[in-house]
Amino acid sequence: MPNIKIFAGNSHPELAQRIAQRLGTEPSKVVLKKFANQETCVEIGESVRGEDVYILQSGCGEVNDHLMEMLIMIHACKIASAERVTAVIPCYPYARQDKKDKSRAPISAKLVANMLSVAGADHIITMDLHASQIQGFFDIPVDNLYAEPAVLKWIKENIENWRECVIVSPDAGGAKRVVSIADRLNVNFALIHKERAVANEVQRMTLVGDVDNRIAIIVDDLADTCGTVVKAAEKLKEAGAKAVYAVMTHGVFSGPALERVMGSCIEAIVVSNTIPQHEKIAICPKIQVIDVSSIIGEAIRRTHNGESISYLLKNIPL
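Below or above, wherever it landed, is the structure these notes cover. These figures come from a predicted structure and were not determined experimentally.

Attention now moves to empty space enclosed by the protein. Applying the stated criterion across every chain yields a total of two cavities of 30 Å³ or more. Within this model, the largest cavity holds a volume of roughly 40 Å³. Forming the boundary of the largest cavity are Ala147, Ala150, Val151, Val247, Met248, Thr249, Val270, Val271, Ser272, Ile290 and Val292. When contributions to the lining of the largest cavity are tallied by element, the ones reaching two or more residues are α4 (148-158), β12 (243-251) and β13 (266-272). Looking at side-chain class alone, the lining of the largest cavity contains nine nonpolar, two polar and no charged residues. Of the volumes computed, that of the second largest cavity is approximately 30 Å³. Forming the walls of the second largest cavity are Cys91, Tyr92, Ala95, Met127, Asp128, Leu129, His130, Asp221, Leu222 and His250.

This brings us to the side chain of His66. By the secondary structure assignment, His66 is in helix α2 (residues 63-79). Only 2.8 Å separates the side chain of His66 from the backbone oxygen of Cys60, close enough to count as a polar contact. Residues in contact with His66, not counting those within four places in the same chain, are Asn10, Ser11, Gln57, Ser58, Cys60 and Gly61.

Glancing now at the pattern of salt bridges. If you walk through the whole model with that rule in mind, you get 16 salt bridges. Salt-bridge contacts for Arg18 lead to Asp291; the nearest nitrogen and oxygen are separated by 2.9 Å. Highlighted residues: Arg18 in helix α1 (residues 13-22) and Asp291 in the loop between β14 (287-290) and α9 (293-305), separated in sequence by 273 residues. With relative accessibility at 35%, the residue Arg18 sits in the partly exposed group. Relative accessible area serves as the criterion here: at 34%, Asp291 is assigned to the partly exposed category. In this structure, Arg301 engages Glu307 in a salt bridge whose closest nitrogen and oxygen atoms are separated by 3.3 Å. Given a relative accessible area of 23%, Arg301 falls into the partly exposed group. Salt bridges linked by common partners bring Arg22, Glu298, Arg301, Arg302 and Glu307 together as one network.

The next subject is the packing of aromatic side chains. Two descriptors summarise a pair of aromatic rings, namely the distance from one centre to the other and the angle between the planes of the rings. Overall, the coordinates contain two aromatic pairs when judged by the stated rule. Note on Trp154 and Tyr245: the rings are 6.3 Å apart at their centroids and 65 degrees apart in plane angle, and the pair reads as edge-to-face. Separated by 91 residues along the polypeptide, Trp154 in helix α4 and Tyr245 in strand β12 bring together distant segments of the chain. For Trp154, a relative accessible area of 10% puts it in the buried group. On the accessibility criterion, Tyr245 (18% relative accessible area) is buried.

Here is what the cut-offs are and how they apply
- Residues numbered from 1 in each chain as written.
- Predicted model: local features only at pLDDT ≥ 70, side-chain atom pairs only at ≥ 80, totals over all residues.
- Heavy atoms only, no water.
- 1 Å grid on protein atoms, 1.4 Å probe; cavity = no way out; pocket = protein on both sides within 12 Å on 5 of 7 lines; lining within 4 Å.
- Points joined across faces, edges and corners; volume = space filled by probe spheres on them.
- Helix = DSSP H or I, 4+ residues; strand = E, 2+ residues; numbered from the N terminus.
- Nonpolar A, V, L, I, M, F, W, Y, C, P; charged D, E, K, R; others polar.
- Polar contact = N/O pair within 3.5 Å; in protein donor to acceptor, adjacent residues only side chain to side chain.
- Contact = heavy atoms within 4.5 Å.
- Salt bridge = Lys/Arg side-chain N within 4 Å of Asp/Glu carboxyl O.
- Buried < 20%, exposed > 50% of the residue type's maximum accessible area, 1.4 Å probe, protein only.
- Phe/Tyr/Trp six-rings, centres within 6.5 Å; stacked < 30°, edge-to-face > 60°.

Shown next as structure tokens:
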């Protein structure tokens, strides 16, 4: 494909390789290293003058280092006369800090948006933002892709009696996502209302809906410490669910997450490859991975050719 350059940061080189392969190209040359004082050094290894540049970096692992790496790469390409620089961020960093939920709390997601714009990004491609309002933090175009088509495909292919399942949201915030999936599968949905005492710790849960003698599929955008999803699974089992599956777009799995999942009643926890999962699968065989590189790759191809990406919001590209 002419006039297109794909640069990968250190966060997820394997995903960048898959996307480049789909586009019939190779990731472009870039050297990313640290100086002795731990400052990030970026050296773009080929000309980007007049090119359409895509920089892929996911908000995982060493989040702050990877964010800084991406900002410097965007800036380096911009001042090297790239025609357009698109930041491809499969998992948006600081997405959960999207509102002022208590006094003196920062809105870090807005700060990240400002940093990306100031660095020189012309366009953002991301997937399943924690809150879709984050798109409004930018004054540049943002394409928020959905893992939903890939999730629907996985459910139909891997759950035998999927027509008898119930899609469950572990909190009120994810109700819209769950209703959309339940409608497309033509099944019922349920909701778990949770109350938190402090961040990352759930105090009390109430189930709204009927899961008795059915397969329950918990759907959410992010699996972090997995406290919520494991407690939700226990609640569903108590309410008579035959089996419990969990489907999450971004599998962060920090702290005691993997031990919690292994010791839980969840049959399988399904995540996309917006974050690398190889090491985690070795520790926790309950993790299964959906490949979303085709969706992101097709979004890049359509953006480059000036085509609409609406089709990708409901369908998996061939």
